[in-house]
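Architecture and fold: a report
Here is how the chains run, residue by residue.
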Amino acid sequence: MAQVGATMEVGSDGVAVITVCNPLVNALAIKVIKELKEKFAEAMRRDDVKALVLTGKGGRFSGGFDINVFQSVHKTGDISLMPDVSIDLVVNTMEDAKKPVVAAVEGLALGGGLELAMACHARISAPKAQLGLPELALGVIPGFGGTQRLPRLLGLPKAVEIMLLSKPITSEEGEKLGLIDAIVPSKDLLQVSRKWALDIAERRRPWIRSLHRTDKLGSLSEAREILKLARQQAKQTAPNMPQHQACLDVIEAGIVHGGYHGVLEEARVFKQLVLSDTSRGLVHVFFAQRATSKVPNVTDIGLKPRPVKKVAVIGGGLMGSGIATTLILSNIFVVLKEINSEYLLKGIKFVEANVRGLVTRKKLSHDKAEKALSMLKGVLDYSEFRDVDMVIEAVIENVPLKQKIFGEIEKACPPHCILATNTSTIDLNVVGEKTRSQDRIVGAHFFSPAHVMPLLEIVRTEKSSAQAILDLMAVGKTIKKVPVVVGNCTGFAVNRTFFPYTQGAQLLINLGVDVFRIDRVISNFGLPMGPFQLQDLAGYGVALAVGKEFAGAFPDRTFRSSVVELLIKDGRNGKNNGRGYYIYEKGSKPKPDPSVLPIIEEARRLTNIMPEGKPISVTDQEIVEMILFPVVNEACRVLDEGVAVRASDLDVASVLGMSFPSYRGGIVFWADTVGPSHIYRSLKKWSEVNGSFYKPSRFLEERATKGMPLVRTLYHFS
Ligand SMILES: C[C@H](O)CC(=O)SCCNC(=O)CCNC(=O)[C@H](O)C(C)(C)COP(=O)(O)OP(=O)(O)OC[C@H]1O[C@@H](n2cnc3c(N)ncnc32)[C@H](O)[C@@H]1OP(=O)(O)O
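Conventions and cut-offs
Residues numbered from 1 in each chain as written. Predicted model: local features only at pLDDT ≥ 70, side-chain atom pairs only at ≥ 80, totals over all residues. Heavy atoms only, no water. UniProt positions renumbered as here; feature names shortened; annotations may be inferred. Pairing = 2+ DSSP bridges. Helix = DSSP H or I, 4+ residues; strand = E, 2+ residues; numbered from the N terminus. Axes fitted to C-alpha atoms, helices over the stretch in contact; angles between N-to-C directions. Contact = heavy atoms within 4.5 Å. Buried < 20%, exposed > 50% of the residue type's maximum accessible area, 1.4 Å probe, protein only. Lys, Arg positive; Asp, Glu negative; His and termini not counted. Salt bridge = Lys/Arg side-chain N within 4 Å of Asp/Glu carboxyl O. Polar contact = N/O pair within 3.5 Å; in protein donor to acceptor, adjacent residues only side chain to side chain. Right-handed = clockwise from strand over helix to strand, strands pointing away. Parallel < 35°, antiparallel > 145°, perpendicular 65-115°, else oblique. Left-handed = near helix turned anticlockwise from the far one by under 90°. Nonpolar A, V, L, I, M, F, W, Y, C, P; charged D, E, K, R; others polar. Near = heavy atom within 4 Å. Areas by Shrake-Rupley, 256 points an atom, 1.4 Å probe, with all protein chains shown as cover.

For the protein chain, the name recorded in an unreviewed UniProt entry is 3-hydroxyacyl-CoA dehydrogenase, with Escallonia herrerae as its organism. UniProt, in the comment section headed Subcellular location (unreviewed entry), describes the protein chain in these words: "Peroxisome".

**Comments concerning the sheet that holds strand β13 (residues 390–393)**
Judged by pairing direction, the sheet is mixed, and its eight strands sit side by side in the order β12-β11-β10-β13-β14-β15-β16-β17 without closing on themselves. Looking along the sheet, the strands with just one partner apiece sit at the ends: β12 (376–379) and β17 (482–487). For this sheet, the mean angle separating the axes of adjacent strands, direction not counted, is 25°. Each of β16 (455–460) and β17 is contacted by helix α26 (residues 647–658), which is oriented at about 125° to β17, the strand it contacts most.

**Here's the deal with the side chain of Glu-338**
Structurally, Glu-338 can be placed in the loop between β11 (333–337) and α14 (341–360). It is Lys-337 that comes nearest to the buried, bridge-free Glu-338 among opposite-charge side chains, at 7.0 Å. Non-local contacts of Glu-338, meaning those with residues more than four positions away in its chain, are made with Gly-315, Gly-316, Gly-317, Tyr-343, Leu-344, Val-379 and Leu-380.

**A few points about the environment of Glu-585**
Looking at the element boundaries, Glu-585 is found in the loop between β18 (582–583) and β19 (591–592). Look at Glu-585 and you get partly exposed, because its relative accessible area is 44%. Distance from Glu-585 to Asp-181, taken between C-alpha atoms, is 50 Å for residues 404 residues apart in sequence. One polar contact links Glu-585 to Lys-591, side chain to side chain, over a distance of 3.2 Å.

**Describing the pairing of strand β10 (residues 310–314)**
Counted residue by residue, β10 has five buried out of five residues, so it is predominantly covered. Taking every second residue as pointing to the same face, both faces of β10 are buried, with Lys-310, Ala-312 and Ile-314 on one and Val-311 and Val-313 on the other. Sheet analysis places β10 next to β11, joined by five bridges and oriented parallel. Bridged to Ala-312 within β11 is Val-335. For the handedness criterion, the β-α-β arrangement of β10, helix α13 (residues 318–328) and β11 is classed as right-handed. As defined by bridge partners, β10 adjoins β13 across four bridges and the pair is classed as parallel.

**Re the side chain of Ser-86**
Mapped onto the secondary structure, Ser-86 falls in helix α3 (residues 86–95). Of the residues examined, Ser-86 reaches a relative accessible area of 5% and is grouped as buried. If we skip the residues at most four places from it in the chain, Ser-86 touches Val-91, Gly-143, Phe-144, Gly-145, Val-263 and Ala-267.

**Examining the UniProt feature "domain: 3-hydroxyacyl-CoA dehydrogenase C-terminal" (unreviewed entry) in the protein chain**
The sites that UniProt annotates as "domain: 3-hydroxyacyl-CoA dehydrogenase C-terminal" (unreviewed entry) are residues 491–584 and 623–707. Taken end to end, residues 491–584 comprises 61% helix and 2% strand; its first and last C-alpha atoms sit 29 Å apart. Taken end to end, residues 623–707 has its terminal C-alpha atoms 25 Å apart, with 73% of it in helix and 0% in strand.

**Focus: the packing of helix α5 (residues 146–154) against helix α10 (residues 243–257)**
Contact pair α5 / α10: the axes reach a minimum separation of 9 Å and the direction vectors enclose 65°. In terms of orientation, α5 lies roughly perpendicular with respect to α10. Here α5 and α10 pass one another in a crossing that is right-handed. Residues Thr-147, Gln-148, Pro-151 and Arg-152 of α5 form the contact with α10, whose own contacting residues are Cys-247, Val-250, Ile-251, Gly-254 and Ile-255. Looking at side-chain class alone, the contact of α5 with α10 contains five nonpolar, three polar and one charged residues.

**Points about the site of the ligand**
Within the structure, the ligand sits among 27 residues, and Phe-65, Gly-112, Glu-115, Glu-135 and Arg-290 are positioned closest to it. Interatomic distance of 2.9 Å between a backbone N/O atom of Phe-65 and an oxygen atom of the ligand. In isolation the ligand has 980 Å² of accessible area, and contact with the protein removes 74% of it. Looking at the shell around the ligand, the elements with two or more residues in it are α2 (67–76), β5 (108–110), α4 (112–119) and α12 (277–291). By residue class, the composition of the shell around the ligand is 15 nonpolar, six polar and six charged.

**Quick word on unusual backbone geometry**
In this model, Pro-23 is joined to Leu-24 through a cis peptide bond whose omega is 10°. Within the secondary structure layout, Leu-24 lies in the loop between β2 (15–21) and α1 (30–45). Not every positive phi belongs to a glycine, and Asn-331 is a case in point at roughly 70°. Judged by its relative accessible area of 46%, Asn-331 falls in the partly exposed class. Backbone geometry places Glu-612, a non-glycine residue, at a positive phi of 55°. Relative to the helices and strands, Glu-612 is located in the loop between α24 (597–607) and α25 (620–640).

Okay, structure coming up:
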């Protein structure tokens, strides 16, 4: 185990090189910070030290303050666990030191890491280092002076953008903007930095304290205008989170009253935000996401992923073409198979449109787009399948069709080839029933649009081999998805957990609640759109097919409503044909369609569940609860049956697959915030009036009655 802390070496040139050591990313743990203070104090005392260089071990400067400390604060509520860094170490010991300090940056300098670098008197970087202040993504603001020094080093507009979007820049951009003084090859980094530090000590280069600079701040009125605009944007993009507005307020305080005042104000606000629910939720998601890469009996048994270079995708519809897009963008050769040339051409056009769309949105260069498209080949038969490493079937949700395809690919592909299905609902044992390849049949469930949504739900059956799962996890990482491994059942973890989401919303409209109010309330809660707009987007064909699977698997808790059939009868197919609950016109936002209301009235007449024929009266909070508590209830069943490895996997899956607000920590974490016993009592009350759709699960009842949380449970596949 490598040593965690800080080391110092003094060279014969009189330069002390202080190195942060904490694998894997040199996080600034409490011990590291303590040792940094000691080393700096020693270097300042020693007569043989003329100048200092600060760097990180193993090619990475620092990934920032140790996020584990936030978690300890969240668990204990003890804010005194946060060390005093921004004044004691950063201002007094480093920036105001009597000897110059140069940061030698490599790999990454994020959060507190970049903040230490900005307190140095110059920054030299290796090429392609990532520089950023991503603290807002953890529900806090930069806390080691970053809100003050970044605007002073590279101007307000860019600094605000970097902080508000939590998006890093490269060292090359940093050099252009003035954050980095020079870029040098990695091998020369230390040598150039030492020389630079001595040059400052001997006054051959300027000795610059970032906090004292004002030249890039512009006038007060200009600054206020930029901050006003940023506040308006943050209101739109981060409506339920406090840290964005707080960050802008702290920046302004420093501009109005001076950098040192800004640092003090930053420290005060930072401490408040660490304790916020938003920070608790986001920090939970950070660690939960990293935990997904540890899968019992897969990643801990000494297996190595096999290379996957060529993949066949069957079906060029919306999902198949999205999957093909995401693979070719990561340099994986794809054969896209369709049943006739008309469909094949359509599929290829979809892929081209996906790739060119990224170029238009400036997310991909023209050259990279052409390179990606050259990795795609359309086919109409299985001859190209003889040397593929993986097949991903993405045809319509039709059991006999999938069974036929798996029978065929079992024969057409080499024995090592992984046979994956993108089904969102159908039991994998049913899909592979007619084959003898159960050990290599897995689920690769992408979320639409597959080239955009970050989640890859990997489904394993009792027979899937650990090697096949590991290979698919590796492919998931290569294509920049977050793979979450789950067990096999109807709907798997994500769609199964969320099937009561649409159903709960349908039940509410049948009880007389306004459809557009439901969507508004759910959007205000933090989902990007409400359940009805989501249904418009997914299309009603999917809703019916998936609804049928769930009704078959879980008849006791399926709410049957004829709304979707009535919408189809009325010629509506959601966004696909521009008419659903909303009207869709090119270039404008979806508009609620009042002409859908008589259709809903008709459905209400048919279900006839309004008490005494009158609409129920509910608050906005009750709407949220009546839709999301059944989701929590199903999540409990998923956990109880061991479909998810750990509760926090469901949190990650809900955030990345269903866009559940990350600042609420994911569905299970949120449920624990609300309280399992409140959820249990509410479901019990509603089930007495409205039937078994709301019936609390055994797991929830047990947790609620024992006063236990739902999260923090590690499960193993049976
Ligand atoms: C006061 C200050 O202003 C406050 C702060 O500095 S808050 C921290 C700001 N920094 C960040 O938000 C960066 C967070 N980290 C990341 O984004 C990514 O880990 C990274 C880009 C640095 C590296 O990504 P990648 O190479 O894919 O590795 P990744 O798997 O994410 O991380 C490797 C390990 O380091 C850990 N780690 C990464 N950053 C960490 C941090 N700042 N603190 C503690 N642990 C950290 C991860 O949890 C993971 O641990 P594990 O192996 O036990 O699961």
